[in-house]
Amino acid sequence: RRDGCLAYDHKDYVSAFELNMRTACAGDKPSQAIIARMYLLGQGIARDDYAGYGWIALAAEIKFGDFTSLSRKIEGALKPLQLAHAQAGAAELRKNYGWAATNMSCRGESRHGAYIIDSVVCTPPRAGGGMVLWPRWLGGGAKESTHQRA
């Protein structure tokens with residue numbers, strides 16, 4: 001995730017999108033939130049509010065305040081048919097990249113030693129590996145590619 005964050009900080013959005021997508025599809029919640037932001041702002045990928053909602057809803061599985069707050073704000077801005085469409089896309093993402101699919105372990109953490117949870121730390125399963133599907137973004141189109149998780 002570090003390389004994806006560095007690319008994002010340096011405004012290399014194309015590289016940041018690809019690097020964060022890899023860890024997002026492995027179940028890393030902060031990476032999923034970054035992918036959501038990139039979709040919502042059109043950074044490194046064409047703007048897509050439905051995809052942005054799907055990824056932030058997926059990140060919100062951990063119930064981290066920043067993720068759930070944005071997810072709820074988007075839900076509140078959508079009309080009923082739009083919301084149904086967005087939630088169907090989020091359910092598909094959850095099926096492929098949610099906790100149940102990736103076995104990623106995530107927890108809230110305080111970076112400053114206070115009682116306020118201000119970051120999320122995710123670690124992959126220690127044994128068993130498994131397979132995940134992650135989209136490979138080439139020229140704006142998605143192609144599914146299977147990669148072995150470490």
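Please refer to the structure higher up on the page.
Scoring rules and cut-offs
Residues numbered from 1 in each chain as written. Predicted model: local features only at pLDDT ≥ 70, side-chain atom pairs only at ≥ 80, totals over all residues. Heavy atoms only, no water. Helix = DSSP H or I, 4+ residues; strand = E, 2+ residues; numbered from the N terminus. Buried < 20%, exposed > 50% of the residue type's maximum accessible area, 1.4 Å probe, protein only. Core = buried A, V, L, I, M, F, W, Y, C linked by side-chain atoms within 4.5 Å. Contact = heavy atoms within 4.5 Å. Axes fitted to C-alpha atoms, helices over the stretch in contact; angles between N-to-C directions. Parallel < 35°, antiparallel > 145°, perpendicular 65-115°, else oblique. Left-handed = near helix turned anticlockwise from the far one by under 90°. Nonpolar A, V, L, I, M, F, W, Y, C, P; charged D, E, K, R; others polar. Salt bridge = Lys/Arg side-chain N within 4 Å of Asp/Glu carboxyl O. Phe/Tyr/Trp six-rings, centres within 6.5 Å; stacked < 30°, edge-to-face > 60°. Expected span 1.5 Å × (residues − 1). Arc of directions from axis to C-beta.

A. Structural view of unusual backbone geometry. In this model, K11 sits at a positive phi of 60 degrees, which is unusual for a non-glycine residue. Along the polypeptide, K11 turns up in the loop between α1 (2–9) and α2 (13–25). Owing to a relative accessible area of 60%, K11 belongs among the exposed residues under this scheme. At K63, a position not held by glycine, the phi torsion is positive, near 65 degrees. Inspection of the secondary structure assignment puts K63 in the loop between α4 (49–59) and α5 (65–77).

B. Seen up close, the nonpolar core. Counting 36 residues, the largest nonpolar core has Y39, W55 and F67 as its most contacted members. At the level of elements, α1, α2, α3 (29–41), α4, α5, α6 (80–97) and β2 (119–123) are the ones that each hand at least two residues to this core. Leaving out residues up to four positions away in the same chain, F67 has contacts with K29, P30, A33, I56, A59, A60, I62 and V120.

C. Geometry of the packing of α4 against α6. At a minimum axis distance of 8 Å, the contact between α4 and α6 shows a crossing angle of 50 degrees. Between α4 and α6, the interaxial angle falls into the category oblique. Of the two possible hands of crossing, α4 and α6 adopt the one that is right-handed. Here Y50, Y53, G54, W55, A57 and L58 of α4 come into contact with α6, specifically with Q82, H85, A86, Q87, A90, L93, R94 and Y97. Grouping the amino acids of the contact of α4 with α6 by side-chain chemistry returns nine nonpolar, four polar and one charged.

D. Seen up close, the pattern of salt bridges. Counting across every chain of the model gives six salt bridges. In this structure, R47 engages D49 in a salt bridge whose closest nitrogen and oxygen atoms are separated by 3.0 Å. Residue classification places D49 among the partly exposed positions, given a relative accessible area of 39%. One network of salt bridges, in which partners are shared, links K29, E61 and R94.

E. Representation of the packing of aromatic side chains. The final tally for this structure, using the stated rule, is four aromatic pairs. When the ring of F64 is compared with that of F67, the centres are 5.0 Å apart and the planes differ by 70 degrees; the resulting orientation is edge-to-face. Across the pair, exposure class does not vary: F64 and F67 are buried alike.

F. Inspection of the environment of G108 at higher detail. In this structure, G108 sits in strand β1 (residues 105–109). Using a relative accessible area of 37% as the deciding quantity, one classes G108 as partly exposed. Residues G108 and V121 lie 13 residues apart in sequence; the distance between their C-alpha atoms is 6.4 Å.

G. Geometry of α6. Helix length check: α6, at 18 residues, gives a terminal C-alpha distance of 25 Å against a target of 26 Å (1.5 Å per residue), a fit within 8%. Among all positions in α6, only A86, A90, L93 and Y97 are buried. End-on view of α6: buried residues confined to an arc of 55 degrees, all on one side of the axis. When the buried face of α6 is taken as reference, the exposed residues oriented beyond 90 degrees from it are P80, L81 and K95.

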